[in-house]
Amino acid sequence: FLKKVTGTLTLVPSEMNPFVSDDDSYNLNGEYWDYVAGKLKVDQPTLVLVNSYEQAQYLKNKLGDCCIAQDRDKNNVYSIVQYCRDHDMSNMVLIMVVWSGYNLVKSGNTIFKKVVFPIISQDNKRIYETLWKVRQGIGRCLRNDDDEVDVVILDPRVTLPKEKNEPTALQKIPCFIKNFLLDND
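Note that the structure is predicted; figures quoted are calculated from it, not measured.

Chemist: Any chance you could explain the pattern of salt bridges here in plain terms?
Modeler: Charged atoms that come close allow side chains of opposite charge to pair. For the structure shown, the criterion picks out 1 salt bridge. Between Asp 34 and Lys 62 there is a salt bridge, with the nearest N and O atoms lying 3.3 Å from each other. Note that Asp 34 is positioned in helix H1 (residues 30-39) and Lys 62 in helix H2 (residues 53-63), a separation of 28 residues in sequence. By relative accessible area, which is 46% here, Lys 62 ends up partly exposed.

Here's what the structure looks like:
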């Protein structure tokens, strides 16, 4: 599967933080999420993996009818997977909060050819420990030998070190993924 990963590292300007911190609570930074919505081109089946229902709903509202988003009520994982199998997803964006435990396969082929990570972790401190989620997200699009996936990471925090003289989260991304990411800014 390793040769099947392609991708772009599209970095949001580092002064844009996905969240506006108020004490220990995180509220969405609308400017950042508007920027993310603008980067989501509906030119191929695209899977967007977010960390909260709030993020999913915000992007759904921005993207409109070309988008399906997981929510707490009617659009659960099972119903979304079934919908994707039953409908043409060629120009659709699927926004999911759950990153693992389901197969997005139709007639033996993976439905989504692009996976986008607006953020890797909700928590600035945990971004460095949760890069395994990138592997899980990519795994949603790689299910057999013929599958290829375009990986887009938008999170600006992947280039910032956790502490001085420590590696950045980007440096901790597994080499087999990082080797295919191209900085296109």
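Chemist: Where do I start with the packing of aromatic side chains in this structure?
Modeler: Working definition: an aromatic ring pair is given by the centre-to-centre distance plus the angle between the planes. One pass over the structure, following the stated rule, counts 1 aromatic pair. Between Tyr 32 and Trp 33 the ring centres are 5.3 Å apart and the planes differ by 80 degrees, which places this aromatic pair in the edge-to-face class. Trp 33 sits in the buried class, given a relative accessible area of 0%.

Chemist: Where do I start with the pairing of strand S4 (residues 46-49) in this structure?
Modeler: Strand residues, when the strand is regular, have side chains that alternate between the two faces of the sheet. Along S4, one buried face is formed by Thr 46 and Val 48 and the opposite face, lined by Leu 47 and Leu 49, is buried too. By the bridge criterion, 4 bridges tie S4 to strand S6 (residues 93-96) in an arrangement that is parallel. Across the sheet, Thr 46 pairs through a bridge with Val 93, a residue of S6. Pairing of S4 with strand S9 (residues 114-117) involves 3 bridges; the strand directions are parallel. Paired with Val 48 across the strands is Val 116, a residue of S9.

Chemist: Explain unusual backbone geometry to me, please; I cannot follow it from the model alone.
Modeler: Excluding glycine, residues mostly carry a negative phi; peptide bonds, for their part, are mostly trans. In this structure, Ser 107 is a non-glycine residue whose phi angle is positive, near 50 degrees. Relative to the elements of secondary structure, Ser 107 occurs in the loop between strand S7 (105-106) and strand S8 (109-110).

Chemist: When you look at the pairing of strand S10 (residues 149-153) in this model, what are you seeing that I'm missing?
Modeler: For S10, the tally of buried residues reaches 5 of 5 residues, placing the bulk of the element in the interior. The alternating pattern of S10 places Val 149, Val 151 and Ile 153 on one face and Asp 150 and Val 152 on the opposite face, and all of these are buried. By the bridge criterion, 4 bridges tie S9 to S10 in an arrangement that is parallel. Bridging across to S10, Phe 117 finds its partner in Ile 153.

Thresholds applied
Residues numbered from 1 in each chain as written. Predicted model: local features only at pLDDT ≥ 70, side-chain atom pairs only at ≥ 80, totals over all residues. Heavy atoms only, no water. Salt bridge = Lys/Arg side-chain N within 4 Å of Asp/Glu carboxyl O. Helix = DSSP H or I, 4+ residues; strand = E, 2+ residues; numbered from the N terminus. Buried < 20%, exposed > 50% of the residue type's maximum accessible area, 1.4 Å probe, protein only. Phe/Tyr/Trp six-rings, centres within 6.5 Å; stacked < 30°, edge-to-face > 60°. Pairing = 2+ DSSP bridges.

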